Amino acid sequence: MQVFFTPGPAQLYPTFESHVQQAIREQIGSISHRSKQFRGIYQFAVEQLRELLNIPADRAILFSGSATEIWERIIQNCAEKETTHFVNGSFSKRFYEFSVELGKKAQKFEAPFGQGFDITRHTVSDSSELICLTHNETSSGVSMPLADIHYFKKTYPGKIVAVDVVSSAPYPDLDWSLVDTAFFSVQKAFGLPAGLGVWIVNETCLQKAEQMKQQGQYIGTHHSLPSLWKNYLNYETPATPNVFGMYLLGKVVKDMNAIGVRKIRQETEEKATLLYQFLEQSEKFRPAVENPAHRSQTVIVAEVENPAEKIASLKEKGLVIGSGYGAYKDKQVRIANFPATSFENIQKLIKELE
Ligand SMILES: *Cc1c(COP(=O)(O)O)cnc(C)c1O
């Protein structure tokens, strides 16, 4: 069996297999999505997520096919004309490009690859309605500090703040009074197979979408925020959803709650510290993100000569690490540090990297 340190799809959560077996026994793949049994699955996932991420009761928790879909839904439903984006890697850039493609005026602040922002140096346009932030840039290993994420709502209270926590949740302890909407997909730090996005959203976003709809603006057909929200009130979905994925998510989040989110976050930091200490001491590797305040705790990116060779020799030992993103394939490797990755496996990886 190989151990995956890839930043998504990633190592599966240790209890995944037993939950799959239980799902088969319960014939989850055949039940109606308009049944009481399905509503129970949706409700259970919501309750477990609320506990894990401390999500207030007035937030809707909605399901989509992917996080990429949620980028589109947020831009379509939360901004009539203008959005603002902090871009420091490929994922935040795609979020920005979606806004352009959807015909919005998109303001962009861009940091060089591998660097974060000095946010106080950038002024969000008065007419911008939506500020889009990426907590963890999976491509570069740069993370935006929580204090920076929380700065925007304090500074621009009238604008909607959206945060991509796709490759970091459940690690960041978001202050929900300062975040209107956040989202992730399950194949990163939740250790599940891909195909399910989770969208946490408040009433400010819903009101904006309803207002735009009333004005005759197009806010989506397959999924719009008002249709998702209306169905959610009944623990249902507009289309037949990924019932299996929702079932598994509820179960895995319950297992995480049994450990406790505080412990999961603490262990994430301890494992990240081991990896960064190794990278700093190593002669061959070095951390790709120079500023320690901007280093991701969940996706650790390292510079190394001849990364393809390193990746191949680790693979022979059953350890699968990620390549650098896009053009950085030739100089970087990426190592995921998600809850499914044990201390033992991190130590084993460090030993082999040496
Ligand atoms: C993987 C990723 C996405 C896209 O997620 P999908 O589930 O593949 O749509 C978006 N943002 C970040 C930061 C990611 O790492």
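Residues numbered from 1 in each chain as written. Predicted model: local features only at pLDDT ≥ 70, side-chain atom pairs only at ≥ 80, totals over all residues. Heavy atoms only, no water.

**Focus: the sheet that holds strand β2 (residues 60-64)**
Put simply, the rule reads: By definition, two strands form a pair when at least two bridges between them are found by DSSP. Helix and strand assignments come from DSSP, with helices taken as H or I runs of at least 4 residues and strands as E runs of at least 2, each series counted from the N terminus. Helix axes use the C-alpha atoms of the stretch in contact, all axes being lines fitted to C-alpha atoms, and the angles between their N-to-C directions lie in the range 0 to 180 degrees. Here a residue-residue contact requires only that any non-hydrogen atoms of the pair lie within 4.5 Å.
Read from one edge to the other, the open sheet built from 7 strands follows the order β2-β10-β9-β8-β5-β3-β4, with strand pairing classed as mixed. The open sheet has two edge strands with one neighbour each: β2 and β4 (105-110). Taken over all neighbouring pairs, the strand axes of this sheet differ in orientation by 20° on average, direction set aside. Strand direction decides the pairing type here: strand β8 (residues 160-164) and strand β9 (residues 181-185), joined by 3 bridges, are parallel. Counted as the bridge partner of Asp-164 is Phe-183 from β9. Together, β2 and β10 (197-201) form the strand contacts of helix α7 (residues 225-232), whose direction differs from that of β2 by roughly 115°.

**Side note on the UniProt feature "domain: Aminotransferase class V" (unreviewed entry) in the protein**
Here is the rule: UniProt positions are given in the numbering used here, feature names are shortened, and annotations may be inferred rather than shown by experiment.
Listed under "domain: Aminotransferase class V" (unreviewed entry) in the UniProt record, and renumbered for this structure, are residues 29-324. Its end C-alpha atoms 36 Å apart, residues 29-324 is made of 41% helix and 18% strand.

**Quick notes on helix α11 (residues 343-353)**
We apply this condition: Buried means the residue's accessible area, taken with a 1.4 Å probe over protein chains only, is under 20% of the maximum for its type, while exposed means over 50%, and partly exposed covers the values in between. Picture the helix axis, draw a direction to every C-beta atom, and the arc is the one those directions span.
Every buried residue of α11 is accounted for by Asn-345, Ile-346, Leu-349, Ile-350 and Leu-353. Within α11, the buried residues cover an arc of 140° as seen down the axis, which keeps them to one side. Turned more than 90 degrees away from the buried face of α11 sit Glu-344 and Lys-351, all of them exposed.

**Digging into the packing of helix α1 (residues 16-25) against helix α8 (residues 243-259)**
Basically, it comes down to this: Orientation labels follow simple angle bins: below 35 degrees gives roughly parallel, above 145 gives roughly antiparallel, 65 to 115 gives roughly perpendicular, and whatever is left gives oblique. In this scheme the handedness of a crossing depends on how the near helix is turned from the far one: anticlockwise by less than a right angle means left-handed, clockwise means right-handed.
Where α1 meets α8, the axes come as close as 10 Å, and the angle between the chain directions of the two elements is 135°. In terms of orientation, α1 lies oblique with respect to α8. Crossing of α1 over α8 shows right-handed handedness. Taken together, the residues of α8 that come into contact with α1 (itself represented by Phe-16, His-19, Val-20, Gln-22 and Ala-23) are Phe-244, Tyr-247, Leu-248, Lys-251, Val-252 and Asp-255.

**Some words on the pattern of salt bridges**
What counts is decided by this rule: Whenever a carboxyl oxygen of Asp or Glu lies within 4 Å of a side-chain nitrogen of Lys or Arg, that contact is scored as a salt bridge.
Summed over the entire model, instances satisfying the criterion amount to 16 salt bridges. For Lys-263, the salt bridge is made with Glu-267, and the minimal N-O distance between the two is 3.9 Å. One end of the pair is Lys-263 and the other is Glu-267, both in helix α9 (residues 261-281) and 4 residues apart, which spans about a single turn. Residue classification places Lys-263 among the partly exposed residues on the basis of a relative accessible area of 45%.

**Focus: the nonpolar core**
What counts here: By nonpolar core is meant a set of buried Ala, Val, Leu, Ile, Met, Phe, Trp, Tyr and Cys residues that side-chain atoms within 4.5 Å join together. Domain start and stop positions are those given by an automatic or database domain assignment.
Counting 83 residues, the largest nonpolar core has Phe-152 and Leu-249 as its most contacted members. Three or more residues apiece are contributed to this core by two domains, here domain 1 (3-10 + 260-353) and domain 2 (16-258). The contact partners of Phe-152, leaving out residues within four places of it in the chain, are Phe-86, Ile-119, Val-124, Ile-131, Leu-133, Met-144 and Val-161. Grouped together as the second largest cluster of nonpolar side chains are 21 residues, Ala-302, Ile-311, Leu-314 and Ile-350 included.

**Notes on the site of the ligand**
Selection rule: Being near a molecule or strand, for a residue, means having at least one of its heavy atoms within 4 Å of it. Distance and chemistry together define a polar contact, namely a pair of N or O atoms within 3.5 Å, with one atom able to donate a hydrogen and the other to accept it when in protein, and with adjacent residues in sequence counting only for side-chain atoms on both sides. Under the convention used here, a 1.4 Å probe and the Shrake-Rupley method define accessible areas, while residue burial counts only the protein chains that appear. We call Asp, Glu, Lys and Arg charged. Ala, Val, Leu, Ile, Met, Phe, Trp, Tyr, Cys and Pro are nonpolar, and the rest, Gly among them, are polar.
Close contacts around the ligand come from 13 residues, with Thr-68, Thr-138, Asp-164, Ser-185 and Lys-188 the closest. In this structure, a nitrogen atom belonging to the ligand sits 2.7 Å away from a side-chain N or O atom of Asp-164. Gln-187 is positioned such that a nitrogen or oxygen atom in its side chain is 3.0 Å from an oxygen atom of the ligand. Protein chains bury 88% of the 380 Å² of accessible surface belonging to the ligand in isolation. In terms of residues, the shell around the ligand owes the most to one element, helix α3 (residues 67-78), which gives 3 residues. Per-class residue counts for the shell around the ligand are 4 nonpolar, 7 polar and 2 charged.

**Focus: the layout of surface pockets**
Rolled over the atoms, a probe with the dimensions of a water molecule shows which regions are left empty. Which entries qualify depends on this criterion: Lining residues are defined by having an atom within 4 Å of a point belonging to a cavity or pocket. Those points lie on a 1 Å grid over the protein atoms alone, cavities being sets where a 1.4 Å probe fits but cannot get out and pockets being open sets with protein on both sides within 12 Å along at least five of seven lines. Grid points are joined across faces, edges and corners, and a volume is the space filled by probe spheres set on the points.
Reported here for the largest pocket is a volume of approximately 320 Å³. In terms of lining residues, the largest pocket is bounded by 21 residues, among which Pro-112, Phe-113, Gly-114, Gln-115 and Gly-116 are the most central. Considering only enclosed or pocket space, the second largest pocket measures out at about 220 Å³ in volume. Together, 14 residues line the second largest pocket, and Ile-259, Glu-267, Pro-339, Thr-341 and Ser-342 are the ones closest to its centre.

**A word on the side chain of Asn-337**
Along the chain, Asn-337 turns up in the loop between β14 (332-336) and α11. Accessibility expressed as a relative area gives 0% for Asn-337, which makes it buried. Polar side-chain contacts of Asn-337 include one of 2.9 Å to the backbone oxygen of Thr-268. Within polar-contact distance, the side chain of Asn-337 engages the backbone oxygen of Gln-297 at 2.8 Å. In this structure Asn-337 touches Thr-268, Lys-271, Ala-272, Leu-275, Gln-297, Thr-298, Ile-300 and Ile-346, once residues within four positions along its chain are discounted.

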